[in-house]
Amino acid sequence: KAGVTQTPRYLIKTRGQQVTLSCSPISGHRSVSWYQQTPGQGLQFLFEYFSETQRNKGNFPGRFSGRQFSNSRSEMNVSTLELGDSALYLCASSAGQGLNIQYFGAGTRLSVL
Amino acid sequence: GIQVEQSPPDLILQEGANSTLRCNFSDSVNNLQWFHQNPWGQLINLFYIPSGTKQNGRLSATTVATERYSLLYISSSQTTDSGVYFCAANAGGTSYGKLTFGQGTILTVHP
């Protein structure tokens, strides 16, 4: 069974641009969660989608948004990039119900110049 | 929300030594996971252990839910065990899909 796939692996953007990251969950998983990892703040929860609906959201500004498609693939978008958005973005998939073990992808490393 | 604290923040060992990493959490949990973050950033699942004890090779973990802590044991450490170890918990209820992470323990194993 294939694991969680995140694309792209690396991104370089400039301030003010927007970016879209993609996450394909493990086959059969219906929940996708997104996290941001920075040296200063550690790993922080962004949001979670289940069956195309956002069920939970962390404390991030509205510039951070996401969506989930009918095949459970998810995208997150960051608009009007700031230097502080430079981070490793990780997504995790889980069944979404019952035993909710989260499995993580390799991440997308975003650098904002 | 739930708070997760890990200790120690840093741990330096010689190859072959044993170690214990601790994770304290502030509320009852329905999910507790231990991860090892590899040098490329990926979080590798070690254990799903909201309660009880599990073992996998040289690694084992114990969670005492009533006392709100979990321990990760690494025996006969190897240089490949180096990296950052995270504990993460979910309190259930409406915290769908949200794992709260500790700050991690940076483990360095010298040959």
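A brief structural summary.

1. Some thoughts on the interface of chain A and chain B
Across the contact, 22 residues belong to chain A and 19 residues belong to chain B. Considering only the surface of chain A that becomes buried against chain B, L43, Q102 and F104 of chain A emerge as the three largest contributors, covering 30% of it. On the surface where chain A and chain B come into contact, there are zero salt bridges. For the pair chain A and chain B, the number of links is ten residue pairs in polar contact (both at pLDDT 80 or more). Broken down by secondary-structure element, the contributors of at least two residues to the side of chain A that touches chain B are β4 (31–38), β5 (42–50), β6 (53–57), β9 (87–94) and β10 (103–104) of chain A.

2. Regarding the sheet that holds strand β3 (residues 19–24) of chain A
Residues and elements named next belong to chain A. Taken in spatial order, the four strands of this open sheet run β1-β3-β8-β7, and their pairing is antiparallel. If you trace the sheet from one side to the other, it starts and ends with β1 (5–7) and β7 (64–68), each paired once. Direction aside, the axes of adjacent strands within the sheet are offset by 20° on average.

3. Remarks on the side chain of Q37 of chain B
By the element assignment, Q37 of chain B lies in strand β4 (residues 31–37). Only 2.8 Å separates the side chain of Q37 of chain B from the side chain of Q37 of chain A, close enough to count as a polar contact. Sequence-distant contacts of Q37 of chain B, defined by excluding residues within four places in its chain, comprise Q37, L88 and L90 of chain A together with Q42, L43, G83, V84 and F86 of chain B.

4. Comments concerning the side chain of S31 of chain A
Residue and element names in this part refer to chain A. In this fold, S31 is placed in strand β4. Exposure remark for S31: the relative accessible area of 1% places this residue in the buried category. Side chain to side chain, S31 and E48 meet in a polar contact 2.6 Å long. Not counting the four nearest positions on each side in its chain, S31 is found in contact with E48, Y49, F50, R55, A92, S93, S94, A95 and G96.

5. Regarding the pattern of salt bridges
Two side chains with opposite charge may pair up if their charged atoms get near one another. All names here are of chain A. Going through the model one piece at a time under the given rule, you end up with six salt bridges over all chains. The shortest N-O distance in the salt bridge between E75 and R67 comes to 3.2 Å. Relative accessible area serves as the criterion here: at 16%, E75 is assigned to the buried category. A salt bridge links E75 to R73, with the shortest nitrogen-to-oxygen separation between them at 3.2 Å. In the salt-bridge network here, residues are joined through shared partners; they are R63, E82 and D85.

6. Details of the state of the cysteines
Tallying each qualifying case throughout the model produces two disulfides over all chains. Between the sulfur atoms of C23 of chain A and its disulfide mate C91 of chain A the distance is 1.8 Å. With the S-S bond torsion at 65°, the cross-link from C23 of chain A to C91 of chain A turns out right-handed. Within this pair, whereas C23 of chain A is found in strand β3, its partner C91 of chain A is found in strand β9, the two being separated by 68 residues in sequence. Covalently, C23 of chain B is tied to C87 of chain B through a disulfide, its sulfur atoms 1.9 Å apart. On the sign convention where negative means left-handed, the S-S torsion of about -50° between C23 of chain B and C87 of chain B marks this disulfide as left-handed. Separated by 64 residues along the polypeptide, C23 of chain B in strand β3 (residues 19–25) and C87 of chain B in strand β9 (residues 83–90) bring together distant segments of the chain. The pair formed by C23 of chain B and C87 of chain B is uniform in burial state, with each residue classed as buried.

7. Focus: the pairing of β5 of chain A
Residues and elements named next belong to chain A. Along β5, eight of the nine residues are buried, which leaves the element largely enclosed by surrounding structure. Here β4 pairs with β5 via eight bridges, running antiparallel. Counted as the bridge partner of W34 is F47 from β5. Between the end of β4 and the start of β5, which pair antiparallel, lie three residues. Pairing of β5 with β6 involves four bridges; the strand directions are antiparallel. Following the sheet pairing, F47 is matched in β6 by K57. Turn length for the β5-β6 hairpin, with the two strands adjacent in sequence and antiparallel, is two residues, and the turn residue S51 shows positive phi of about 45°.

Parameters and conventions
Residues numbered from 1 in each chain as written. Chains lettered and ligands numbered in written order. Predicted model: local features only at pLDDT ≥ 70, side-chain atom pairs only at ≥ 80, totals over all residues. Heavy atoms only, no water. Contact = heavy atoms within 4.5 Å. Buried area = accessible area lost by both parts, 1.4 Å probe. Salt bridge = Lys/Arg side-chain N within 4 Å of Asp/Glu carboxyl O. Polar contact = N/O pair within 3.5 Å; in protein donor to acceptor, adjacent residues only side chain to side chain. Helix = DSSP H or I, 4+ residues; strand = E, 2+ residues; numbered from the N terminus. Pairing = 2+ DSSP bridges. Axes fitted to C-alpha atoms, helices over the stretch in contact; angles between N-to-C directions. Buried < 20%, exposed > 50% of the residue type's maximum accessible area, 1.4 Å probe, protein only. Disulfide = S-S within 2.5 Å.

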